[in-house]
Amino acid sequence: MPPSTTSGSQTAPNHRLALIGGSWLDLVIIALASVALFATPLQMFRLATPLDESVRILISGAVWLFTALIVWHKAGPISHLTASLTQHFARISIISWILIGLALRLTWVILFQAQPGSDGGTYLALAIKLIESGQYKAGDTFAYWPVGYPAFLAFWISILPSAKAAFLISNAFVFIVGSIGVAKLGTHLGGPTAGRAAIALFALWPNLIFNSATPEKEMLVLALLPWATLWLFRVVENPGRLLFAFGCGILLGSATLAQPSLQLLPLLGAIALVIFLPSTRNSIKPALLVILGAAIIVSPWTIRNYQTFDKFVLVSTNGGDVLYRANNPMATGGYMKTGEIDLSDLSELEKDAVGRRLAVEWIRNHPTQFGRLAVEKLILFMGDDAVGVYNTLKVGRASDNTLVYALLKATANGWWMLAWLCMAAQALNNRRHAIRLHSMFSRTPVWIWLYLMSLHAVFESAGKYHVPITFALCVLLAVLACGRREAQHEP
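By convention here, each chain's residues receive numbers from 1 onward along its written sequence. With the structure being a predicted model, the display of local features is reserved for residues of pLDDT at least 70 and the display and counting of side-chain atom pairs for 80 or more, all residues being used for whole-chain, interface and lining totals. In computing side-chain properties, one takes all heavy atoms of the structure into account and sets aside hydrogens as well as water.

**Observations regarding the environment of Gln-426**
For step 1, the next point in the chain: Numbered from the N terminus, helices here are DSSP runs of H or I no shorter than four residues, and strands are runs of E no shorter than two. For Gln-426, the location among the structural elements is in helix α19 (residues 402-432).
For step 2, the next point in the chain: Type-normalised accessible area, obtained with a 1.4 Å probe on protein chains alone, sets the label of each residue: buried when under 20%, exposed when over 50%, and partly exposed for intermediate values. In this structure Gln-426 comes out as buried when scored by relative accessible area, which is 1%.
For step 3, the next point in the chain: When the C-alpha positions of Gln-426 and Ser-212 are compared, they lie 30 Å apart, and in sequence the two are 214 residues distant.
For step 4, the next point in the chain: Two residues form a contact once any of their heavy atoms are found within 4.5 Å. Those residues within four positions of Gln-426 in sequence are excluded, and the remaining contacts are Ser-79, Thr-82, Leu-480 and Ala-481.

And the structure:
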């Protein structure tokens with residue numbers, strides 16, 4: 001029996017494990033799938049049709065009902081097909097899947113030669129400035145843009161002949177790192193078959209392929225989080241593996257420097273260890289090491305910010321501005337250049353403080369509107385998985401062919417909907433037949449999805465914000481599909 005299967009009984013009481021990783025999470029997966037299967041056609045209809053919103057909602061509801069009926073009545077056959085595909089994927093080695101993924105990404109880059117733009121262009125310019133002058137400044141701001149990804153790009157620019165070569169080769173590098181992490185995490189949570197199925201999904205996932213032609217910070221974070229998650233489970237398996245706890249903290253700190261919305265993850269990781277491990281004596285050291293590892297990575301930048309502003313700024317100064325633009329009378333749930341009150345004339349610290357105050361006031365005074373916005377933000381978060389097409393063809397100006405753009409978006413979102421449909425069917429079938437999974441932690445990757453989705457129900461939302469946690473879907477689908485063949489004990 002694999003260590004990951006037995007460790008839970010030696011760590012925390014069964015009721016804690018049942019709360020964190022029990023079969024009730026199948027219901028959460030089914031609920032998330034329902035949201036995706038409604039929100040995705042709604043977003044596509046919004047983009048492609050002039051229909052009234054009520055008509056779009058009605059049609060999207062019909063699509064959801066149709067898919068729900070398919071899942072309900074055909075969960076068994078869908079699960080059998082998913083499990084069969086998983087077995088076929090497992091016959092291909094991990095190295096082969098990495099090579100397949102690289103070939104697909106190289107093909108995409110050759111077919112659509114994009115130019116960095118929008119956020120990616122800003123990060124690349126900041127990286128070049130770091131190399132040329134050692135300064136980190138965009139316009140009049142010194143910490144508005146998080147430093148993690150520009151610092152990562154600066155390393156590659158310093159060793160390669162051009163900035164374009166730097167971001168393209170670094171994209172290939174983070175794919176390889178992320179692929180191996182996904183394979184190892186899938187193996188840990190679902191066995192060897194699940195590991196190979198997870199890396200297959202990761203290599204073939206259209207939106208991840210489509211994001212390989214431009215510099216995108218989400219791809220760096222996507223490579224770090226599977227390893228951080230795996231190392232956290234390694235500590236749960238054996239509390240004496242303190243280096244894994246420290247390494248997990250370092251990775252989470254690095255991810256926070258690239259995407260500040262993840263800054264709570266080190267604390268949540270430490271809390272998870274306290275929950276999973278049986279006593280304070282066993283949990284306190286690894287929990288503190290997770291936080292220490294993150295602090296060692298983040299604190300130099302925080303100190304630099306204090307020296308710059310004479311004020312504590314953990315990573316970036318954009319939180320209040322983003323929060324206000326996402327919560328004001330003009331807010332739509334997605335990106336807006338400005339809110340009802342234009343804060344653009346303020347300094348970055350003033351913008352952060354004033355924006356935070358205005359947003360909190362508006363939320364407190366308009367709870368109903370805030371709730372409606374939260375629902376819309378949920379639709380935006382779950383309703384599109386084709387940002388790579390937008391980044392490459394529209395922002396990157398790789399093609400102005402409307403038909404090609406529409407077909408590629410449909411391909412990415414079709415895969416997205418199919419993945420959620422299969423996950424819902426597998427979760428439903430597993431419940432109906434009381435199928436046990438490989439590990440009591442097999443379902444736990446859904447928590448990181450819930451974390452980021454909940455965060456973006458408050459801040460601005462879009463499909464691009466779930467890209468860094470797409471690895472969780474690859475692993476979840478793989479381990480759910482492997483339950484019947486590699487069944488083991490769980491609470």
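We are not done yet, so read on.
**Concerning the layout of surface pockets**
Any empty space left between atoms is shown by rolling a water-sized probe over those atoms.
For step 1, the next point in the chain: Its volume calculated, the second largest pocket comes out at about 560 Å³.
For step 2, the next point in the chain: In terms of lining residues, the second largest pocket is bounded by 20 residues, among which Leu-232, Leu-268, Gly-269, Ala-272 and Trp-447 are the most central.
For step 3, the next point in the chain: Secondary structure elements with two or more residues in the lining of the second largest pocket: α11 (217-237), α12 (242-258), α13 (265-276) and α20 (446-455).
For step 4, the next point in the chain: With 7 residues, the single largest contributor to the lining of the second largest pocket is α13.
For step 5, the next point in the chain: In the lining of the second largest pocket, the residues fall into 17 nonpolar, 3 polar and no charged. Buriedness for pockets is judged along seven lines, at least five of which must meet protein on both sides within 12 Å for an open set on the 1 Å grid over protein atoms alone, while cavities are sets there where a 1.4 Å probe fits but cannot get out, and lining residues have an atom within 4 Å of a point. Grid points are joined across faces, edges and corners, and a volume is the space filled by probe spheres set on the points. Residues were grouped as follows: Ala, Val, Leu, Ile, Met, Phe, Trp, Tyr, Cys and Pro as nonpolar; Asp, Glu, Lys and Arg as charged; and all remaining residues, including Gly, as polar.

**Re the nonpolar core**
For step 1, the next point in the chain: By size, the foremost hydrophobic cluster in this structure holds 116 residues, and its most contacted members are Leu-32, Leu-225, Trp-420, Trp-449 and Phe-471.
For step 2, the next point in the chain: For this core, the element with the most residues is α11, which contributes 14 residues.
For step 3, the next point in the chain: Not counting residues within four places of it along the chain, the set of residues in contact with Trp-449 comprises Leu-32, Phe-381, Met-382, Trp-416, Trp-420, His-466, Ile-469, Thr-470 and Leu-473.
For step 4, the next point in the chain: Buried Ala, Val, Leu, Ile, Met, Phe, Trp, Tyr and Cys residues that are joined via side-chain atoms within 4.5 Å together make up what is termed a nonpolar core. Membership of the second largest hydrophobic core comes to 13 residues, among which are Trp-108, Phe-112, Leu-393 and Leu-408.

**Structural notes on the environment of Val-235**
For step 1, the next point in the chain: Along the polypeptide, Val-235 turns up in helix α11.
For step 2, the next point in the chain: Taking relative accessible area as the criterion, Val-235 reaches 0% and is therefore assigned buried.
For step 3, the next point in the chain: Once residues within four sequence positions are removed from consideration, Val-235 is found in contact with Arg-241, Phe-244, Ala-245, Leu-273, Leu-277 and Pro-286.

**Let's talk about empty space enclosed by the protein**
For step 1, the next point in the chain: If you walk through the whole model with that rule in mind, you get 2 cavities of 30 Å³ or more.
For step 2, the next point in the chain: In this structure, the largest cavity spans a volume of roughly 90 Å³.
For step 3, the next point in the chain: Around the largest cavity, the lining residues are Arg-105, Asn-171, Val-174, Phe-175, Phe-202, Leu-208, Asn-211, Ser-212, Met-219 and Leu-222.
For step 4, the next point in the chain: Elements with a contribution of two residues or more to the lining of the largest cavity: α8 (163-190) and α11.
For step 5, the next point in the chain: In terms of residues, the lining of the largest cavity owes the most to one element, α8, which gives 3 residues.
For step 6, the next point in the chain: Tallied by class, residues from the lining of the largest cavity come to 6 nonpolar, 3 polar and 1 charged.
For step 7, the next point in the chain: Of all the secondary structure elements, the ones that give two or more residues to the lining of the second largest cavity are α3 (25-48), α19, α20 and α21 (470-481).
For step 8, the next point in the chain: Among the elements that take part in the lining of the second largest cavity, α21 stands out by supplying 3 residues, more than any other.

**Topic: the confidence of the model for the chain**
For step 1, the next point in the chain: One number per residue, pLDDT, summarises how confident the predictor is, and it ranges from 0 to 100. Mean pLDDT over the chain stands at 93; residues scoring 70 or higher make up 95%.
For step 2, the next point in the chain: Across residues 485-491 the pLDDT falls below 50, and counting only partners more than four positions away or on other chains, this stretch makes 30 contacts in the model.

**So, the packing of aromatic side chains**
For step 1, the next point in the chain: Pairing of aromatic side chains here covers Phe, Tyr and the six-membered ring of Trp, requires ring centres within 6.5 Å, and sorts the geometry by plane angle: under 30 degrees stacked, over 60 edge-to-face, intermediate tilted. In total, this model carries 22 aromatic pairs according to the counting rule given.
For step 2, the next point in the chain: Here the aromatic rings of Tyr-144 and Trp-145 are separated by 6.0 Å at their centres, their planes lie at 70°, and the arrangement is edge-to-face.
For step 3, the next point in the chain: The class of Tyr-144 is buried, set by a relative accessible area of 15%.
For step 4, the next point in the chain: Ring pairing ties together the aromatic residues Tyr-123, Tyr-144, Trp-145, Tyr-149, Phe-152, Phe-155, Trp-156 and Phe-173, which thus form one cluster.
For step 5, the next point in the chain: In this scheme, Lys NZ or Arg CZ marks a charge over a ring once it lies within 6 Å of the ring centre and within 35 degrees of the ring normal. One residue, Arg-105, lies across the ring of Phe-175, its end atom 3.9 Å from the ring centre.

**Let's talk about the side chain of Lys-377**
For step 1, the next point in the chain: Counting through the fold element by element, Lys-377 comes out in helix α17 (residues 367-382).
For step 2, the next point in the chain: Summary of buried charges: Lys-377 has no salt-bridge partner, and the nearest side chain of opposite charge, Glu-460, is 8.8 Å away.
For step 3, the next point in the chain: Polar contact is the term for a pair of N or O atoms within 3.5 Å; when the atoms are in protein, one must be able to donate a hydrogen and the other to accept it, and sequence-neighboring residues count only if both atoms are side-chain atoms. Of note is the side chain of Lys-377, whose polar atom sits 3.0 Å from the backbone oxygen of Ala-326. Here the positive residues are Lys and Arg and the negative ones are Asp and Glu; neither His nor the chain ends is included. Definition used for salt bridges: Asp or Glu carboxyl oxygen within 4 Å of a side-chain nitrogen of Lys or Arg.

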